[in-house]
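Observations on the three-dimensional arrangement
Here's the letter readout for the chains.
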Amino acid sequence: MKTMRFHASVEPVANRAKTVWLQRVLKTLTALAVLTCATACSVTGTSSQGAQAGDIAQLTRQADAWDKAIVRKDRGAIETNMADDFRQIDGDADIETKASFVTGVLLPKLTINP
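Residues numbered from 1 in each chain as written. Predicted model: local features only at pLDDT ≥ 70, side-chain atom pairs only at ≥ 80, totals over all residues. Heavy atoms only, no water.

1. Re the packing of aromatic side chains
The description of an aromatic ring pair uses the distance of the two centres, along with the angle that the planes make with each other. On inspection of all chains with the given rule, the structure shows one aromatic pair. For the ring pair phenylalanine 86 and phenylalanine 101, a centre distance of 5.4 Å and an interplane angle of 50 degrees mean the geometry is tilted. Here the residue phenylalanine 86 occupies a position in the loop between α3 (75-80) and β2 (87-89), and phenylalanine 101 occupies one in helix α4 (residues 98-105), the gap between them amounting to 15 residues. (Phe/Tyr/Trp six-rings, centres within 6.5 Å; stacked < 30°, edge-to-face > 60°. Helix = DSSP H or I, 4+ residues; strand = E, 2+ residues; numbered from the N terminus.)

Structure representation (structure tokens):
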């Protein structure tokens with residue numbers, strides 16, 4: 001399975017809130033990548049060889065499409081791949097919604113270089 005690696009950077013930001021928000025975005029992206037891998041691995045004992053290969057291929061295509069959408073900053077593709085009730089709660093109990101997550105990923109200051 002091909003893995004895309006990302007390097008994210010932002011221009012220097014003046015306040016801590018923006019830095020904390022960027023850290024939450026990067027943690028979410030990492031969590032989504034781990035979840036995709038865990039899902040692919042979990043089908044091992046529950047499917048036949050052919051169905052398992054098909055599931056892995058589908059998950060690989062979906063993960064690759066997600067990665068490319070994030071790099072392109074393709075709002076439609078990102079939103080399509082997320083549940084409407086998406087929530088992320090960080091260590092400070094700040095809640096990120098689908099709308100705020102997508103808005104943050106699309107910020108011009110956030111650059112992601114695979």
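2. A few points about unusual backbone geometry
Even without being glycine, lysine 73 reaches a positive phi, approximately 60 degrees. Secondary-structure assignment places lysine 73 in the loop between α2 (49-72) and α3. One non-glycine residue, alanine 93, lies in the positive phi region at around 70 degrees. Following the sequence through the fold, alanine 93 ends up in the loop between β2 and β3 (95-97).

3. Focus on the nonpolar core
Among the nonpolar cores identified, the biggest contains 14 residues, and Leu29, Trp66, Ile70, Ile78, Met82 and Phe101 are the most heavily contacted of them. Broken down by secondary-structure element, the contributors of at least two residues to this core are α1 (16-42), α2 and α4. Those residues in contact with methionine 82 that lie beyond four places of it in its chain are Trp66, Lys98, Phe101 and Val102. (Core = buried A, V, L, I, M, F, W, Y, C linked by side-chain atoms within 4.5 Å. Buried < 20%, exposed > 50% of the residue type's maximum accessible area, 1.4 Å probe, protein only. Contact = heavy atoms within 4.5 Å.)

4. Considering the confidence of the model for the chain
With 69% of its residues at a pLDDT of 70 or more, the chain has an overall mean of 79. Ranking the helices and strands of the chain by mean pLDDT puts α3 first, with 94, and strand β1 (residues 7-9) last, with 53. (pLDDT = per-residue confidence, 0-100.)

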